[in-house]
Amino acid sequence: MEDRIFKKQDAFICELKQKNIKVTVCYVTVTHISVVSFSSYKMFLLKALISVEQRIEDAGKVFFGVCAPEEIFAKYKYLLKVSDACNWILLVLSCSLSLDHIFFNTVCMHVTFRDYFGEKVALYYLWLGWYTRMLVPAAVIGIVVFLYGLAFFNTSPLIHEVCDSNIIMCPRCDIRCSVWNLSDTCTYAKVSQLFDNEGTVAFAMFMAIWATLFLELWKRHRALHVSKWKVFDWCEEEEELILEIVNNPKCKPKEFSHSYLRSIVVLLLVTLVLVVIIGLTHALVICRVLTAILLSQSTWHFLRDHSSTIAMLSGAVLHYITIQVMTRVNKIVAFKLCEFEKPRSFAATEKSFTVKMFTFQFFTLFSSLFYVAFFLGRINGYPGNYVRIAGKWRLEECHPSGCLTDLFIQMAVILLLKQTINNIFEFTACREEEGNFDPCDLCKLRNWMENYDLTDVNAFSLFNEFLEMVLQFSFTTIFVAAFPLAPLLALINNIFEIRLDAIKMVSLERRLVPKKTNDIGVWTRILEVVGVMAVIANGLVIGISSDFIPRLVYRYHYGPCATSNSTSLDCMTGYINNTLATAFMSNVYIKKDFKDLIENGYNITQCSYKDYRSDENQSLTSQFWLILALRFAFVILFEHVVVMCKFIAAWFIPDSPIRVKNDRLDDKLRRLKKELDRSTEV
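Residues numbered from 1 in each chain as written. Predicted model: local features only at pLDDT ≥ 70, side-chain atom pairs only at ≥ 80, totals over all residues. Heavy atoms only, no water.

The name an unreviewed UniProt entry gives the protein is Anoctamin, with Sinocyclocheilus grahami as the organism. The protein has a UniProt comment under Subcellular location (unreviewed entry) that states "Membrane". According to its UniProt record, the protein has this under Sequence similarities (unreviewed entry): "Belongs to the anoctamin family." (UniProt positions renumbered as here; feature names shortened; annotations may be inferred.)

Now the structure itself:
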């Protein structure tokens, strides 16, 4: 009786009784009653009073039956009726709503979920279903782009040039690394061709426009359904005030406030967290470098020959582990920052938490990918002047066929692990929570015990589902130029995700508290930001990371088709050799970098590496500066063209269908006429 939790519960029950709410308590013994419960917390809130008919021993539990008087609901419905922003039809649902009907209704899942869980959950399924359907054309075109690269798999002159080459390449590391033949990486060159070709550029432009079309069409889709649900003009602030008035007629609204000092502190703390996350990315880079060095020194030939690839895969797995750890850390930090920020209402808290949590998760997931996309192989230096970590370990290099394959492998590993393992853990965790009571008790206390022993939920449970899907949307759009099959994997995952989420919400978790809303909230703004970032990132990936621009420059300025009228050779013949520079061992600095190689008895006078540098003094050539200028020009042109297409699409597609606008106009006219007739009668 002296327990703090008991005192808190007792105070809560006393406060309910003071508001004329009837409370019935059953100690130790409970009854078999056919009511679908609302349980979302440790105390049950039931829609009807308990009538004890059959007592069954179940020690250790106390059940509370709560029944509000009719006048409370009458006040609530009246205030909703007179409110301009909350003008909607209140639907009273039957307690006998069948869960099987909800579970098996696959055609209109969002409709039945709205009846049982409220508009907020229904809009999540409405959005998820729309997102999944919109992934179908993206997945189909992604497959076409993949097949386009596969069609030239064996005929590409670039692949033949690598596979038939006898060029000696410089060692990838300093210790126990020897020179290698370019033809040893024939398989890598073939994989690069699948994801770094002309079709990738068109697909990246399509996905950037697709993201805009998805958002614009989603706004129309949402407007159509919220209009049917009569919550088009629903206002969160008025709903909040109505609940406060019903709870306490003498209440005063919590006023808006803003503290510049508190905002500056929060901004600095958020920046500090982002710096820590970026620091973890640097740690992952160092781990990859050290792994490659250790594997290259292994006595196993397989590990030594594939040290770079294994290091890349291990880095991707380590990145996934980091994501799982930081997800929990980010959630705690975001909650603490929200508490310090002191938002006005729960809705403001939810919005602030969503923005912070998504920002932290975005940097956690994408920092490593940004390094692979834009820095890998570009800051490592060259023979005689390598960039080294702590003056000792060389940074990684890109393959002569390009760096895009490294980004593809990193994305594929993270996306597959994140989608499959997360769903498995999420589903099995709920299953483990479900089966912790006696089967006999389940038969006798089906309505109470079954709900009480389900996995607990809270106000942010739906947030986790949205976060997972929006991060997947980011993966699907931001680096799609490096991974055209990402929409296909997302589509396959979502087909199972919808069903798993339905099973979890209906059968494995306690019921979420139904809430009204007419939009997915701040997630719409986040999706718009992701769409803009997709344009920027894909433009940079194609212009900076891929070899699309260097190939165009070679084809029309340096290749055989540009320098002669001969048509017997393919225009890309000699491209790989053109991208390589030569390092001569006679150079003092180069000899110092390859000291271990020379001491081991390798009698070589020169080796090649990927860069546009002069063979004499290793200075950057004019071709490098021409390609660099064209890269930036392409990025600017790509982004302006795609952004213009996005604006045209946004202008061309109205946010609300004409039918919805006309229906709302007619509804307003009817209400005004009704009010006019009423005033005339008075």
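### Examining the overall build of the protein
Counting its secondary structure elements, the protein contains 26 helices and 10 strands. For the protein, contacts bridging at least 24 residues in sequence account for 79% of all contacts bridging at least 6. Looking at the protein as shown, the accessible area adds up to about 34700 Å², and 63% of this sits on carbon and sulfur atoms. (Helix = DSSP H or I, 4+ residues; strand = E, 2+ residues; numbered from the N terminus. Contact = heavy atoms within 4.5 Å. Areas by Shrake-Rupley, 256 points an atom, 1.4 Å probe, with all protein chains shown as cover.)

### With respect to unusual backbone geometry
With phi around 65 degrees, N20 is a residue other than glycine that occupies positive phi space. With respect to the secondary-structure elements, N20 resides in the loop between α1 (4-18) and β1 (22-30). Taking the relative accessible area as the measure of exposure, N20 reaches 53% and is therefore exposed. One non-glycine residue, Q618, adopts positive backbone phi at about 60 degrees. The buried category is assigned to Q618, whose relative accessible area is 9%. (Buried < 20%, exposed > 50% of the residue type's maximum accessible area, 1.4 Å probe, protein only.)

### Side note on the pattern of salt bridges
Following the criterion strictly, the structure yields 13 salt bridges and no others. Between E528 and K219 there is a salt bridge; the shortest N-O distance is 3.2 Å. You can see E528 sitting in helix α19 (residues 523-545) and its partner K219 sitting in helix α8 (residues 198-228), a full 309 residues away along the chain. Here E528 falls in the partly exposed class, since its relative accessible area comes to 29%. The class for K219 is buried, based on a relative accessible area of 17%. (Salt bridge = Lys/Arg side-chain N within 4 Å of Asp/Glu carboxyl O.)

### Quick notes on a nonpolar patch on the surface
On the surface, V317, L318, I321, V325 and V329 cluster together into a nonpolar patch covering about 370 Å² of accessible area. Classification of L318 as partly exposed rests on a relative accessible area of 33%. (Patch = residues over 30% accessible without salt bridge, like charges linked within 9 Å, V, L, I, M, F, W, Y side chains within 5 Å.)

### Here we look at the state of the cysteines
Scanning all chains against the criterion turns up three disulfides. The disulfide that involves C163 links it to C186, with 1.8 Å between the sulfurs. An S-S torsion of about 80 degrees defines the bridge between C163 and C186 as right-handed. Here C163, found in helix α6 (residues 157-163), pairs with C186, found in helix α7 (residues 186-195); they are 23 residues apart in sequence, far enough to count as distant. Each sulfur of the disulfide joining C561 and C571 lies 1.9 Å from the other. Given an S-S torsion of about -90 degrees, the disulfide between C561 and C571 has left-handed geometry. Residue C561 is located in helix α21 (residues 560-563), and its partner C571 is located in the loop between α21 and α22 (575-578); the two are separated by 10 residues in the primary sequence. With relative accessibility at 32%, the residue C561 sits in the partly exposed group. (Disulfide = S-S within 2.5 Å.)

### What to know about the nonpolar core
Ranked by size, the top nonpolar core spans 129 residues in total, and within it W127, L407 and F479 carry the most contacts. Examining the composition of this core, we find that 15 residues originate from one element, helix α5 (residues 119-151), more than from any other. When near neighbours in sequence (up to four residues on either side) are disregarded, W127 contacts F214, W218, F466, M469, V470, I520 and L527. Counting 12 residues, the second largest nonpolar core, distinct from the first, contains A581, I590, F594 and L597. (Core = buried A, V, L, I, M, F, W, Y, C linked by side-chain atoms within 4.5 Å.)

### Description of the packing of helix α12 (residues 307-341) against helix α13 (residues 346-374)
Relative orientation of the contacting elements α12 and α13 amounts to 155 degrees, with a least axis distance of 9 Å. Considered as vectors, α12 and α13 are oriented roughly antiparallel to each other. The handedness of the crossing between α12 and α13 is right-handed. Across the contact of α12 with α13, the residue classes break down as 11 nonpolar, nine polar and three charged. (Axes fitted to C-alpha atoms, helices over the stretch in contact; angles between N-to-C directions. Parallel < 35°, antiparallel > 145°, perpendicular 65-115°, else oblique. Left-handed = near helix turned anticlockwise from the far one by under 90°. Nonpolar A, V, L, I, M, F, W, Y, C, P; charged D, E, K, R; others polar.)

### Brief notes about the pairing of strand β9 (residues 580-584)
Of all the five residues making up β9, four are buried; the element is thus mostly covered by neighbouring parts of the structure. Examined bridge by bridge, β9 and strand β10 (residues 606-610) share five bridges and lie antiparallel to one another. Its bridge partner being in β10, L580 is matched across the sheet by K610. (Pairing = 2+ DSSP bridges.)

### Re the side chain of N538
Relative to the helices and strands, N538 is located in helix α19. One polar contact links the side chain of N538 to the main-chain carbonyl oxygen of A534, over a distance of 2.7 Å. Filtering out sequence-adjacent residues up to four positions away, N538 remains in contact with A204, T477, I478, F479, V480, A481 and F638. (Polar contact = N/O pair within 3.5 Å; in protein donor to acceptor, adjacent residues only side chain to side chain.)

### Describing the confidence of the model for the protein
Averaged over all residues, the pLDDT of the protein is 78; the fraction at 70 or higher stands at 84%. Highest mean pLDDT in the protein belongs to α5 (91); lowest belongs to helix α15 (residues 439-444) (41). The low-confidence segment residues 28-57, where pLDDT is below 50, has 81 contacts with residues more than four positions distant or belonging to other chains. In the predicted structure, residues 88-108 sits below a pLDDT of 50 and forms 27 contacts with residues beyond four places in sequence or in another chain. (pLDDT = per-residue confidence, 0-100.)

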